[in-house]
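Coordinates in review
Chain residues, written in single-letter form:
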Amino acid sequence: MTTGLTLVSGPGDDGDRVLAVTGEIDMSNAAEFGAALDRELATGTAVTVDLTGVAYLDSAGVAVLFDRAGDHDLRLFAPRLLDRVLRVSGLTQVVKVMIR
């Protein structure tokens, strides 16, 4: 069964792309999340992933972000709830993470 996930993309205030994510990111929908992120990254501009509406992020979601972090200008807005998983996983070392 797929966990509920909503993905909304659009232009950011600075002309870059924003992918707003709501719900939970886990192994049941990580491929969908990755495909949406790939579409945004294909534009060649910086991409901000807004995770402030995410209540759960497992290792499959973390892997999606890691897989795309090195070769792209990627930023994350995240709720305090995800701060620990982003720090412990090491994502804060490879992408700019802003906790809101």
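Right above here is the structure, for reference.
Rules behind the numbers
Residues numbered from 1 in each chain as written. Predicted model: local features only at pLDDT ≥ 70, side-chain atom pairs only at ≥ 80, totals over all residues. Heavy atoms only, no water. Helix = DSSP H or I, 4+ residues; strand = E, 2+ residues; numbered from the N terminus. Polar contact = N/O pair within 3.5 Å; in protein donor to acceptor, adjacent residues only side chain to side chain. Contact = heavy atoms within 4.5 Å. Buried < 20%, exposed > 50% of the residue type's maximum accessible area, 1.4 Å probe, protein only. Pairing = 2+ DSSP bridges. Right-handed = clockwise from strand over helix to strand, strands pointing away.

1. Let's talk about the side chain of T48
As for its placement among the helices and strands, T48 is situated in strand β3 (residues 47–57). There is a polar contact of 3.1 Å between the side chain of T48 and the side chain of R75. Not counting chain neighbours up to four residues away, the residues in contact with T48 comprise R17, V18, L19, R75 and F77.

2. Re the pairing of strand β4 (residues 74–78)
Burial analysis of β4 places 5 of its 5 residues in the buried class, which makes it a mostly covered element. Every second residue of β4 is oriented toward a common face, with L74, L76 and A78 on one face and R75 and F77 on the other, all of them buried. As defined by bridge partners, β3 adjoins β4 across 4 bridges and the pair is classed as parallel. When the sheet's bridge partners are listed, V47 is paired in β4 with L74. Handedness of the crossover joining β3 and β4 through helix α2 (residues 59–69): right-handed.

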